[in-house]
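# Descriptive analysis of the structure
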Amino acid sequence: MLKKILKINGVNRTIVADPESSLTDVLRKQLFLTGTKLGCGKGECGACNVIMNGKVVKSCITRMKRVPDEAEIITIEGIGTQDDLHPVQFAWMVHGAAQCGFCTPGFIVSAKALLDENNNPTREEVRQWFQKCSNVCRCTGYIPLVDAVMEAARIIRGEVTKEQLWFKLPEGASLLGTDAVRPSACAKVTGTWDFGADLGLTLPEDTLHIKLVQATVSHANIISINTSEAENMPGVYRVLTYKDVKGTNRINGLAFPSNKGDGLERPILNDKKIFQFGDAIAMVLADTPTNAENAAKKVVVEIEELPAYMSAPAAMAEDAIQIHPGTPNVYFECGTVKGEETAPIMEKLSYVLEEDYYVGRQPHLPIEPDVGFAYFNEEGKLVIHSKSIALHFHALMIADGIGLPLDDVKIVQNPTGGTFGYKFSPTIEALLAVAAIDTGRPVYLEFNMFQQITYTGKRSPFFMHLKMGADENGKIKALETDWSCDHGPYCEFGDLVTTRGSQFMGAGYKIDNIRGNGRTVATNHAWGAAFRGFGSPQSLFSSEVMVDELAAKMGIDPLEFRYNNVYREGDTTPTGCAPDVIVLPQMLDTIRPYYKKAKEAAKEKNKTSVDKKYGAGISLLIYGCGLDGPDTSEAWAELTKDGVTVGNSWEDHGQGADMGTLTIAYETLRKAGIKVSDIKLILNDMNFTPNSGPAGGSRSNVLTGNATRVACENLLEGMKKQDGTYRTYDEMVAEGNPLKYDGKWTAPCTAPDPATGQGNPFPTYMYGVLLAEVEVDMNTGKAYVDKLTCVCDVGVIVNKLVVDGQILGGLVQGIGLALTEDFEDLKKHTTLTGCGIPKIKDVTDDITLLYQETPRPLGPYGASGAGEMPLSAPHAAIINAIYDACGVRIRHLPARPEKILAGLNKLNK
Ligand code: MCN
Ligand code: FES
Ligand code: FES
């Protein structure tokens, strides 16, 4: 142990610590300064940044023995408080720069250090600084963060006041489409928004720490599990295996009726087989994390290794054994049958193209690793706190497996540092439950970044083959599709994501005749989880690149070819229903001048530039809002002495559920004179909030927004007097009227028949048209996106800051998907950098968003969703732009330099 006196946030503190422990651990666990976050733990993400003796340091890799005695350390807590915000914190709020907020303290600490030295930086200097300080954000696309620093500098220089920047709502006015700041912003910028690991430090002393014994191979039979040595290790309370699970030990994957599996493939703790790397075989429960970790190493698992099928084609090979004995590896099939048979039509068409496309296993890479805890409450209910974005679904999916009645399982969402969809599937909930049931004690489990990356679900790769035909007038007449979805070993939502092939290959265009076949394949690579866009980024990549290729073959400009074919009145989607609104022709009209200018600029530069070539490409971005068919959400609103309390389970990844709920509730309640400040929110706790469904499929703004609107309308109806005015709380109580009102909304939709893909799945869609401008280094093959311009139609905008943030963040994830992100190699793709996460200097600072707000008939106040549209097909625009720049067409993502270089070499031969 060492003793040091450190001046922390201006106060001298005496610290006794292990010399090898990290400064992060000491700040968080010994001093409870939990504003400093632990993300990667490896110096890659900057979430743990603090200022030490005037310099920004990554506290996770700063050992206590290297911290000088009497060092002055400033953490986020020392920068400003809720009552006295530093200009950077304030600017962060008004620019919507904290989405999930997990990266926020680290960024603000770095920004403060920069502005202390230079209160007039350029945008490029800010970007360089964040790159140098290793700050990584997965939510925002970085532009709002740079905006915030520039604004803070203006405040510091006295050019603008906080007062001038703060959004003010005229009394009783609408809040829709404004820059109002989300309720959670202040806590996020001050480091007081407590995430799962922060709450974990507040648990009672008898809490048991869990560490997992995980598989190190991808496919094997388990012969034996020996826990005896581990049980005798210091501090160990219990070592649990499948034998200790009280229920069926299976997660219910909610399989479709036509799924050949029963949906019960995924064990909570593996019993007979290992299905993928990282599978949980045993859990050690101990008094400290270190004791649990040391004991986990002593569990001996004897296995018989089996051939591992690491892709759909490998698992579909004739000699492949069944991964789940009794269920074929191809366990779900679906199709598209729209209009006439396509083969005879194709024969007569002047222009027909056929190609293969691949979109891979994109990793989600939230900066907060998975974390949660569980305990029994005073009523004997099991309460699980996690990053779940599907509270009621997850309770249903685990109840039988853990052996508790559904009503006894209550899930609460912790403040969450991003999920991007991986938490649509349960991860650690069932493990926590098994441990709490076995011991009756509070239990806590956190993943490190390696576990987060290697053992949470990933985007399901699609292997796609498309054939598209157009006539001599440039009209697309027929489409044939074939796709195999690699969903890893566990089936949950694999059937659903596969049906997205029917719904989104060719979406946006009038294509009257489509035939397609899709299938879901079990493999031994990472299990498939929802990822922003859920099947549309795969499907649209194939059709948006093919449309470009067909246009090139016909000698038509890709924009004009699209303009010629996009939905007009009377046309139908690939699922055979009318689009919610007709918006694409107008959106293409809007982008056209930008596109022409970009093409001209590229042409001009290419005349003289040899080492670099420039190009522009476009794509349509489309996704539907909702789970297919008559999707439902619930909410409630209660009149109280102080105002109105609104409750729902609109889970918040970081996208802004609080702002959506508040705005929609206020928009409804303002008729009765209720102010924004009168509204209190209770969100995401199954003990109090109803089943609003998951925050996936960009459904919440429409579904839960409508349910919230209906609940508030029902409350107003209850408050209404005959003369049209509203009763006060006291009047309601005096008259004995109910104070709490439920609201429910069901989409008037029909789920498509999986065999034909035909139906009307979504109440609203989101649309975008994206222009990407790129440069390609002809010597290295490296592509860089210089500029993006996006025309967006997400209906009426509920909150502008939120929507801007959603779109910027989604587009930047699209740059990653196009160029760098992958999870394929289990040795290489195990860190944020290894997986290709875009850092600030990897992405452009030049993104223009242009809105067209077409009201949606079924959306609350005309709004659609926003979250997934920007990641539906930006990668296609980038790939099309790369082709425009250098003539290389990448059909297999990501477009890494070596692939582009190989394409260039081929062209030169
Ligand atoms: N919104 C709005 N006006 C509109 C449409 C939407 O202000 N016309 C707002 C909504 O109020 C909400 C946000 O935009 O705050 C996204 O709304 P919606 O598209 O309905 O999506 P959900 O609320 O259901 O959120 C889920 C969606 C999905 S599926 C993923 S994945 C995702 C995403 O949103 N993951 C995210 N955005 C994310 N953002 C962050 N920061 N982190 C994630 O993990
Ligand atoms: Fe320290 Fe990522 S750099 S947690
Ligand atoms: Fe930056 Fe979420 S706000 S990681």
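Residues numbered from 1 in each chain as written. Chains lettered and ligands numbered in written order. Predicted model: local features only at pLDDT ≥ 70, side-chain atom pairs only at ≥ 80, totals over all residues. Heavy atoms only, no water.

### Quick look at the environment of Lys338
For Lys338, the location among the structural elements is in strand β14 (residues 330-338). Owing to a relative accessible area of 5%, Lys338 belongs among the buried residues under this scheme. With 279 residues separating them in the primary sequence, Lys338 and Ser59 have C-alpha atoms 58 Å apart. Not counting chain neighbours up to four residues away, the residues in contact with Lys338 comprise Ile511, Asp512, Asn513, Ile514, Arg515, Thr572, Thr573, Pro574, Gly576 and Gln758. Separated by 2.9 Å, the side chain of Lys338 and the backbone oxygen of Ile511 make a polar contact. Of note is the side chain of Lys338, whose polar atom sits 2.8 Å from the side chain of Thr572. (Helix = DSSP H or I, 4+ residues; strand = E, 2+ residues; numbered from the N terminus. Buried < 20%, exposed > 50% of the residue type's maximum accessible area, 1.4 Å probe, protein only. Contact = heavy atoms within 4.5 Å. Polar contact = N/O pair within 3.5 Å; in protein donor to acceptor, adjacent residues only side chain to side chain.)

### Topic: the environment of Thr34
Its place among the elements puts Thr34 in the loop between α1 (23-30) and β3 (49-52). On the basis of relative accessibility, which here comes to 11%, the residue Thr34 falls in the buried class. Residues Thr34 and Glu77, spaced 43 residues apart in sequence, show a C-alpha to C-alpha distance of 8.8 Å. Contacts of Thr34, omitting those with residues within four sequence positions, involve Arg28, Glu77, Gly191, Asp194, Asp198 and Leu201.

### Observations regarding empty space enclosed by the protein
Overall, the coordinates contain eight cavities of 30 Å³ or more when judged by the stated rule. The computed volume of the largest cavity comes to approximately 610 Å³. Considering the residues around the largest cavity, the lining is formed by 44 residues, among which Gln655, Ser698, Gln806, Ala866 and Gly867 are closest to the centre. Where the lining of the largest cavity is concerned, the elements lending two or more residues are α16 (494-504), α20 (657-669), α21 (700-719) and α23 (800-819). The biggest single contributor to the lining of the largest cavity is α23, with three residues. When grouped by side-chain class, the residues that make up the lining of the largest cavity number 21 nonpolar, 19 polar and four charged. (1 Å grid on protein atoms, 1.4 Å probe; cavity = no way out; pocket = protein on both sides within 12 Å on 5 of 7 lines; lining within 4 Å. Points joined across faces, edges and corners; volume = space filled by probe spheres on them. Nonpolar A, V, L, I, M, F, W, Y, C, P; charged D, E, K, R; others polar.)

### Quick look at the packing of helix α18 (residues 558-565) against helix α19 (residues 584-608)
Taken N-terminus to C-terminus, the directions of α18 and α19 make an angle of 170°; their axes are 10 Å apart at the nearest point. In terms of orientation, α18 lies roughly antiparallel with respect to α19. Where α18 approaches α19, its residues Pro558, Leu559, Glu560, Arg562 and Tyr563 are matched on the opposing element by Pro585, Leu588, Asp589, Ile591, Arg592 and Tyr595. Split by residue class, the contact of α18 with α19 holds seven nonpolar, no polar and four charged. (Axes fitted to C-alpha atoms, helices over the stretch in contact; angles between N-to-C directions. Parallel < 35°, antiparallel > 145°, perpendicular 65-115°, else oblique.)

### A closer look at the nonpolar core
Counting residues in hydrophobic clusters, the biggest one holds 244 residues, and the most contacted among them are Trp92, Met283, Ile402, Leu584 and Ile882. Looking at which element gives the most residues to this core, the answer is α23, with eleven residues. Setting aside anything within four residues of it in sequence, one finds Met283 in contact with Ile210, Lys211, Leu212, Arg238, Val239, Leu240, Leu269, Leu431, Val434 and Ala435. Of all hydrophobic cores here, the second largest spans 18 residues; its members include Ala215, Ala220, Ile274 and Val299. (Core = buried A, V, L, I, M, F, W, Y, C linked by side-chain atoms within 4.5 Å.)

By themselves these figures say nothing about function.
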